[in-house]
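An overview of the molecular structure
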Amino acid sequence: MKKPTSKYLQVVLFVLFCGWFLTPNAAAAPQVNSRYYCLMEGKTGQVLMGKNQDEKRPVASTTKIMTALVALEYAGLDEIATVSRNAQLTPEYAFDLREGQTLTIEELIKVALMRSANDAAVVLAEHITGDERFFAHLMSKKAWVLGAVNTHFENSSGLPSANSYSTAYDMALISRFAISHDYIAQTVSTIQSSFKHPSYNQPLTITNSNRLLSSLQGADGIKTGTTNAAGRCLAASATRDQRQLIAVCLKSGNRFGDGARLLEYGFSGYMPVKVIDRQVLFKTVKIFGGENLNIDLYPARTLYLWYDGEQPDIEKKVILDYAIKLPVQKDESLGMVSVYANGRYIDSIALVSGQTVKRGFWPQWLNRLIKGKTDLLAE
């Protein structure tokens, strides 16, 4: 058997070199310390990668993301809340708020999100409902409405509780919705700010507990959390080139390292692929009684999903109105397509008429009757 020539070996090495460096996705999957994590694309909610992302876990002070969200639904930023005796006695980490002191909702949310102040979270809850447990019930209901169906809260702070839990996926969903609120987005992206503590004449300077804000390009949120049961948790976000990603790591030995690696991989390892095209005909529906017997349906907008070389399982569920009443105007909605990726809901897009169809001379029922008679005669 002849030995490979030097020239032959050079060709093989060149091919291997090209296969390694010129593949569309050369980024290696990140090494993640956490056993419970989820990386989500912010615009679509598509899960890019995860591990045990639906397993129920305590989530510590990342709970306060929902606390802030619900508080802003029921109260204005300039409303004044009063610290109760119960709030003053809230265990650490607390910001030494005293019974009878007053603060605005804006300041309470700021110190709850940036410094994870448990007493501030309790003041928010009691101001809204008068009872922290009832406020936690509202938090749980809101989570369910958002699609975070494996989440239940028993307090507003994230302090250990027997029946408080969420998942990495649910916390990513909650985070995605929370940072759509301007004040929350502004607060969680702030590295340092002032806090008007009622015990001091001058505002205090507070620094965000999320270290990624000062170490990761484009980092803009969201919240840390730590308890013995939950371990070190992080809901992180970053935006680059108008694309935002969210990474949630629970019980991590290196939450900032995990969050950074997941976000970096999300930006470098995934490419957009068009799965719904506004310009491409989706379906043609036949009707009777119009000058045009067909209506072409087009998606109302384009949808991109993100691929890392492995195509997700895409499912499209269509609902159409087949009892169409004429006239139909161009761009009139006549149905809906819902898109799922790997079994998770992504988005619903209207299906609209591609043309105007006018009412015919005869009523639609008569057209159908005439067509039926014509078909019988033809037989």
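Below is a short write-up of the structure. In this text, all values refer to a predicted model and were calculated from it rather than measured experimentally.

**Things to note about the packing of helix α2 (residues 64-74) against helix α6 (residues 132-146)**
Relative to each other, α2 and α6 sit at 100°, their axes nearing to 10 Å. Taken together, the axes of α2 and α6 are roughly perpendicular relative to one another. Facing Met66, Thr67, Leu69, Val70, Ala71, Glu73 and Tyr74 of α2, the residues of α6 in contact are Phe135, Leu138, Met139, Lys142, Ala143 and Leu146. Taken together, the residues of the contact of α2 with α6 break down into 10 nonpolar, 1 polar and 2 charged.

**Things to note about the packing of aromatic side chains**
A full pass over the atoms with the stated rule returns 4 aromatic pairs. Between Tyr93 and Phe95, the aromatic rings sit 6.3 Å apart at their centres with planes inclined by 75°, giving edge-to-face as the arrangement. Given the relative accessible area of 35%, Tyr93 is considered partly exposed. Between Phe95 and Phe195, the aromatic rings sit 5.2 Å apart at their centres with planes inclined by 85°, giving edge-to-face as the arrangement. On the criterion of sequence distance, the pair formed by Phe95 in the loop between α3 (85-88) and β4 (102-104) and Phe195 in strand β5 (residues 192-195) is long-range, its members being 100 residues apart. Each member of the pair Phe95 and Phe195 is classed as buried.

**Notes on unusual backbone geometry**
Residue Ile222 follows Gly221 across a cis peptide bond; omega there is 15°. Tracing the sequence through the fold places Ile222 in strand β7 (residues 219-227). A cis amide bond links Leu326 to the next residue, Pro327, at an omega of 0°. By secondary structure assignment, the location of Pro327 is in the loop between β14 (314-320) and β15 (333-341). A positive phi is found at Ala60, a non-glycine position, where the angle reads about 55°. Inspection of the secondary structure assignment puts Ala60 in the loop between β2 (47-51) and α2. With phi around 50°, Asn342 is a residue other than glycine that occupies positive phi space. If you trace the backbone, Asn342 turns up in the loop between β15 and β16 (344-353).

**Overview of a nonpolar patch on the surface**
Residues Trp144, Val145 and Val149 make up a contiguous nonpolar surface patch of roughly 360 Å² in combined accessible area. Positionally, Trp144 belongs in helix α6.

**Comments concerning the environment of Ser194**
Structurally, the position occupied by Ser194 is in strand β5. When the C-alpha positions of Ser194 and Val111 are compared, they lie 9.3 Å apart, and in sequence the two are 83 residues distant. Excluding its chain neighbours within four sequence positions, the residues that come into contact with Ser194 are Glu107, Lys110, Pro203 and Leu204.

**Comments concerning the sheet that holds β16**
With respect to topology, 5 strands assemble into an open sheet ordered β11-β12-β16-β15-β14, the strand pairing being antiparallel. Two strands bound the open sheet, and with one partner strand each, they are β11 (283-286) and β14. Across this sheet, the average inter-strand angle for adjacent strands is 30°, counted without regard to direction. Sheet topology note: the strand β12 (residues 294-299)/β16 ladder contains 3 bridges and is antiparallel. For Pro299, the partnering residue across the bridge sits in β16 and is Leu351.

**So, helix α9 (residues 255-269)**
The first and last C-alpha atoms of α9 sit 20 Å apart over 15 residues, in line with the 21 Å expected at 1.5 Å per residue. In terms of residue burial, α9 counts as a mostly covered element, since 12 of its 15 residues are buried. Those residues of α9 not exposed but buried are Arg255, Phe256, Gly257, Asp258, Gly259, Ala260, Leu262, Leu263, Tyr265, Gly266, Phe267 and Gly269.

**Focus on the packing of α2 against helix α4 (residues 105-114)**
Contact geometry for α2 and α4: axes closest at 9 Å, N-to-C directions at 165°. If you check the angle between α2 and α4, you find them roughly antiparallel. Considering the relative orientation of α2 and α4, their crossing is left-handed. Together, Lys64, Ile65, Ala68, Ala71 and Leu72 of α2 and Ile109, Ala112 and Leu113 of α4 make up the contact between the two elements. A per-class count over the contact of α2 with α4 returns 7 nonpolar, no polar and 1 charged.

**Brief notes about the pattern of salt bridges**
On inspection of all chains with the given rule, the structure shows 12 salt bridges. Glu73 is paired through a salt bridge with Lys142; the nearest N and O atoms lie 2.6 Å apart. Of this pair, Glu73 sits in helix α2 while Lys142 sits in helix α6, and the two are 69 residues apart along the sequence. On the basis of relative accessible area, Glu73 is assigned to the partly exposed category, the value being 42%.

**Side note on the sheet that holds strand β1 (residues 36-41)**
Judged by pairing direction, the sheet is antiparallel, and its 5 strands sit side by side in the order β2-β1-β9-β8-β7 without closing on themselves. The outermost strands of the open sheet, each flanked by one partner alone, are β2 and β7. Direction aside, the axes of adjacent strands within the sheet are offset by 5° on average. Sheet topology note: the strand β8 (residues 231-240)/strand β9 (residues 243-250) ladder contains 7 bridges and is antiparallel. Counterpart to Thr239 in the pairing with β9 is Gln244.

How each quantity is defined
- Residues numbered from 1 in each chain as written.
- Predicted model: local features only at pLDDT ≥ 70, side-chain atom pairs only at ≥ 80, totals over all residues.
- Heavy atoms only, no water.
- Axes fitted to C-alpha atoms, helices over the stretch in contact; angles between N-to-C directions.
- Helix = DSSP H or I, 4+ residues; strand = E, 2+ residues; numbered from the N terminus.
- Parallel < 35°, antiparallel > 145°, perpendicular 65-115°, else oblique.
- Contact = heavy atoms within 4.5 Å.
- Nonpolar A, V, L, I, M, F, W, Y, C, P; charged D, E, K, R; others polar.
- Phe/Tyr/Trp six-rings, centres within 6.5 Å; stacked < 30°, edge-to-face > 60°.
- Buried < 20%, exposed > 50% of the residue type's maximum accessible area, 1.4 Å probe, protein only.
- Patch = residues over 30% accessible without salt bridge, like charges linked within 9 Å, V, L, I, M, F, W, Y side chains within 5 Å.
- Areas by Shrake-Rupley, 256 points an atom, 1.4 Å probe, with all protein chains shown as cover.
- Salt bridge = Lys/Arg side-chain N within 4 Å of Asp/Glu carboxyl O.
- Pairing = 2+ DSSP bridges.
- Expected span 1.5 Å × (residues − 1).
- Left-handed = near helix turned anticlockwise from the far one by under 90°.

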